[in-house]
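# Close look at the chain arrangement
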Amino acid sequence: MKDSKALKKDFPIFATKSVKKDGKELIYLDSASTTQKPESVITAITDYYKTSNANIHRGIYTLSEKATIQYEDVRKKTATFINAGTPEEIIFTRNTTEAINLLAYTFGEKHIKQDDEIIVSELEHHSNLVPWQEVVKRKKAKLKVIPIKSDYTPDMDEYHKILSPKTKLVAITSMSNVFGTKTPLKEIIEAAHKKNALVLVDGAQSAAHQKTDVQALNCDFFTMSSHKMLGPTGVGILYGKKELLADLPPFMFGGDMIKSVSQYDSEYADPPVKFEAGTPNIGGIMGFGAALDYINKIGFKTIEENDKKLFEYAVKKLSEIEGINLLIPPADKAGPVISFTLKDIHPHDIAAVLDQDNICIRAGHHCAQPLMEKLGIPATARISFHIYNTPEDIDKTCDSLKKAIKIFE
Amino acid sequence: MDIYTEIILDYYKNPRNEGPLPDATTCAKEDNPLCGDKIRINLKIEKDKKTGKEKISKATFCGKGCAISQASASMLTEKLIGKTPKEIEKITDEDIKKMLNIPISPAREKCAILCLHAAKKALTERGSAKKSAPCPGCKKETASGRPKRI
């Protein structure tokens, strides 16, 4: 199997001249935000526009049929990728945020009543928090929050305490985008089901880093974003159990999502089409299909090994820097994400210094403001990686961080 | 071009006019939730004995944030002293960028101009009911550092 240095060559951005800065190669450590794209993904998108561009579903001509088959093939591929029961359980959206909003507006509207409770955790990205805040406001329901412990893992004792017959939904991340914490999904889901609550897993961070098996997990809904999975932006996925999706009302109305329309009333299609009003991002979905092929080809074994190796290496090297403070969970629960603070230097200043060395890291609240508030800091600096990152990237980052200390001391 | 010029770093490390202003006549806070920057500008406005016109006699800032926001606030307070409220109204975001004399990316623009917006807010809010109380002291806050034990 190729190592990450060889795999990096699959990603054309790293060889693009205009991306270099003063002769310095691009070091990209912001994959938790969005990943780079391999050549095969870019080619799949241009191929679609060059060889199969037509609108899907209703075309009678060959080109439209070809586009439709390719589009539906990606749906099948996605179902296999997360081991869904049938392709009909896969709904294409714009991104994870839209997938969660789809649920909030359909499941939330239909099933959340006054005094019901929705549980989230303190680890949630705003996208898995704000839509639920709105649902409980609209429905006069309650939002309950699983706190995190000092090791940046969810407090499961607290979870079992707040879980009750009033709980209708548990919306939980599979991997924190701030700390990389992998959450104990099986335990969360089993306990929720015992109380007849449904579980939505926000898989945006984990989907490209660990194997997802929605049937083994027995989660009711699962979301992910193509752009965090080596695929293009503009494609998200909502998985839902067949019988649950069938029960939900549509989210958006218009073309494609109908069975028949008369002047004053309409009958809606079955899932997944019911939830896919309007022309979807067909080109992007073709690219997403290629991204899944790429991940399958490399295999999660290689991805996980690289993540683990790089995480251990980065923790070791970063820890040697004076005044650094790593915000990471225990190694067995850690993903490819390391948040840190460095002395009293504002994370924006750290990121700006690193940028001068063409190193991309994220600095800010990472769409997790309540979490930052709890930690009593305005922001953290964060590195996150994928298959194209190497130990040399970490070495250069450490050198640059030492530079930052010198500048601001 | 480097954004962390000697001047910026000097104002960041040795801020001028930082701290509370016990005899302030007005003050206002602005924050940038995106990066957690918080700046409060404290002003003492007095009538000039000769001209009878209102003038800023003292200006300080409190807050936390990145080097750009802190240096900008410190530099601005120096600029404010001696000016009339009307003159301050005329200061633009562009003027702040010129004052800093560094290339400011769109993402950092907010950091740089936060202080000016706080100063203008302090002027518009003065005399209003919520400003009748004296401006509070400066809380000791850090830009980053160690997170709290949970």
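Predicted model only: the values in this text are computed from it and were never measured.

Rules used in this analysis
Residues numbered from 1 in each chain as written. Chains lettered and ligands numbered in written order. Predicted model: local features only at pLDDT ≥ 70, side-chain atom pairs only at ≥ 80, totals over all residues. Heavy atoms only, no water. Phe/Tyr/Trp six-rings, centres within 6.5 Å; stacked < 30°, edge-to-face > 60°. Helix = DSSP H or I, 4+ residues; strand = E, 2+ residues; numbered from the N terminus. Buried < 20%, exposed > 50% of the residue type's maximum accessible area, 1.4 Å probe, protein only. Lys NZ or Arg CZ within 6 Å of the ring centre and 35° of its normal. Contact = heavy atoms within 4.5 Å. Pairing = 2+ DSSP bridges. Axes fitted to C-alpha atoms, helices over the stretch in contact; angles between N-to-C directions. Disulfide = S-S within 2.5 Å. Core = buried A, V, L, I, M, F, W, Y, C linked by side-chain atoms within 4.5 Å. Domains from an automatic or database assignment. Buried area = accessible area lost by both parts, 1.4 Å probe. Salt bridge = Lys/Arg side-chain N within 4 Å of Asp/Glu carboxyl O. Polar contact = N/O pair within 3.5 Å; in protein donor to acceptor, adjacent residues only side chain to side chain. Nonpolar A, V, L, I, M, F, W, Y, C, P; charged D, E, K, R; others polar.

### A closer look at the packing of aromatic side chains
All chains considered together, the criterion is met by 13 aromatic pairs over all chains. Seen from their ring centres, Y105 of chain A and F251 of chain A are 5.7 Å apart, and the 25 degrees between their planes marks the pair as stacked. Placement of the pair is Y105 of chain A in helix α4 (residues 96-111) and F251 of chain A in the loop between α9 (242-247) and β9 (258-261), with a sequence separation of 146 residues. Y105 of chain A sits in the partly exposed class, given a relative accessible area of 40%. The structure contains a cluster of three or more aromatic residues connected by ring pairs, namely F11, F14, Y28, Y294 and Y388 of chain A. Above the face of the F14 of chain A ring, K8 of chain A is positioned so that its terminal group lies 4.9 Å from the ring centre. Directly above the aromatic system of Y11 of chain B lies the positively charged group of R16 of chain B, at a separation of 3.9 Å from the ring centroid.

### Brief notes about the side chain of E98 of chain A
Tracing the backbone through its elements, the reader meets E98 of chain A in helix α4. Beyond its immediate stretch of four places on either side in the chain, E98 of chain A contacts T93, F251 and M252 of chain A.

### Some remarks on the sheet that holds strand β3 (residues 117-121) of chain A
Residues and elements named next belong to chain A. Spatial strand order, β2-β8-β7-β6-β5-β3-β4: seven strands in an open sheet with mixed pairing. One side of each edge strand has no neighbouring strand; the edge strands of this open sheet are β2 (90-93) and β4 (142-146). Going across the sheet, the axis of each strand differs from the next one's by a mean of 20 degrees, ignoring polarity. The pairing of strand β7 (residues 221-225) with strand β8 (residues 236-240) spans five bridges and is classified as antiparallel. Residue F221 lies in a different strand from β8, and its bridge partner there is G240. Its contacts with the sheet put α4 on β2, β5 (167-173), β6 (198-202), β7 and β8, and the angle it makes with β7 is roughly 155 degrees.

### So, the state of the cysteines
Residue and element names in this part refer to chain B. Summed over the entire model, instances satisfying the criterion amount to two disulfides over all chains. Here C27 pairs with C135 through a disulfide, and the sulfurs are 2.2 Å apart. Linking C27 and C135, the disulfide has an S-S dihedral of approximately -110 degrees and is accordingly described as left-handed. Here C135 lies in the segment after α5 (106-125) and C27 lies in strand β1 (residues 26-32), a separation of 108 residues in the sequence. Summarising the burial analysis for this pair, C27 and C135 share the class buried. A sulfur-sulfur distance of 1.9 Å marks the disulfide that ties C62 to C138. What sets the handedness of the C62 and C138 disulfide is the S-S torsion sign, and at about -55 degrees it is left-handed. Taken together, the residues C62 in strand β3 (residues 54-64) and C138 in the segment after α5 connect sequence positions 76 residues apart. If one numbers only the bonded cysteines of chain B, in the order they occur, the disulfide pattern is 1-3, 2-4.

### Quick look at the nonpolar core
Among the nonpolar cores identified, the biggest contains 72 residues, and L318 and I361 of chain A together with I68 and L100 of chain B are the most heavily contacted of them. With ten residues, the top contributor of residues to this core is α5 of chain B. In this structure, L318 of chain A is in contact with I324, L326, I338, I383, C398 and L401 of chain A, ignoring residues within four places of it in sequence. Counting residues in each nonpolar core, the second largest holds 60 residues, with V41, A79, V201 and F288 of chain A among its members.

### Focus on the domain arrangement of chain A
Interface extent is often summarised as the accessible area lost during association of the parts. Residue and element names in this part refer to chain A. The domain architecture assigned to chain A consists of domain 1 (4-30 + 300-408) and domain 2 (42-296). A straight line from the C-alpha centre of domain 1 to that of domain 2 covers 28 Å. Summing both partners gives a buried area of about 2500 Å² for domain 1 against domain 2, and 64% of it is carried by carbon and sulfur. Three residues, F300, C367 and L371, lead the burial of domain 1 against domain 2; their summed loss comes to 25% of the area buried on that side. The interface formed by domain 1 and domain 2 holds one salt bridge in total. Two residues, E122 and K374, come together in a salt bridge whose shortest N-O distance is 2.9 Å. There are twelve residue pairs in polar contact (both at pLDDT 80 or more) connecting domain 1 and domain 2. Within the residue set of the side of domain 1 that touches domain 2, elements represented by two or more residues are α11 (300-319), β12 (337-342) and α13 (369-375). Of the residues forming the side of domain 1 that touches domain 2, the biggest block, six residues, is contributed by α13. Split into classes, the residues belonging to the side of domain 1 that touches domain 2 amount to 20 nonpolar, six polar and six charged.

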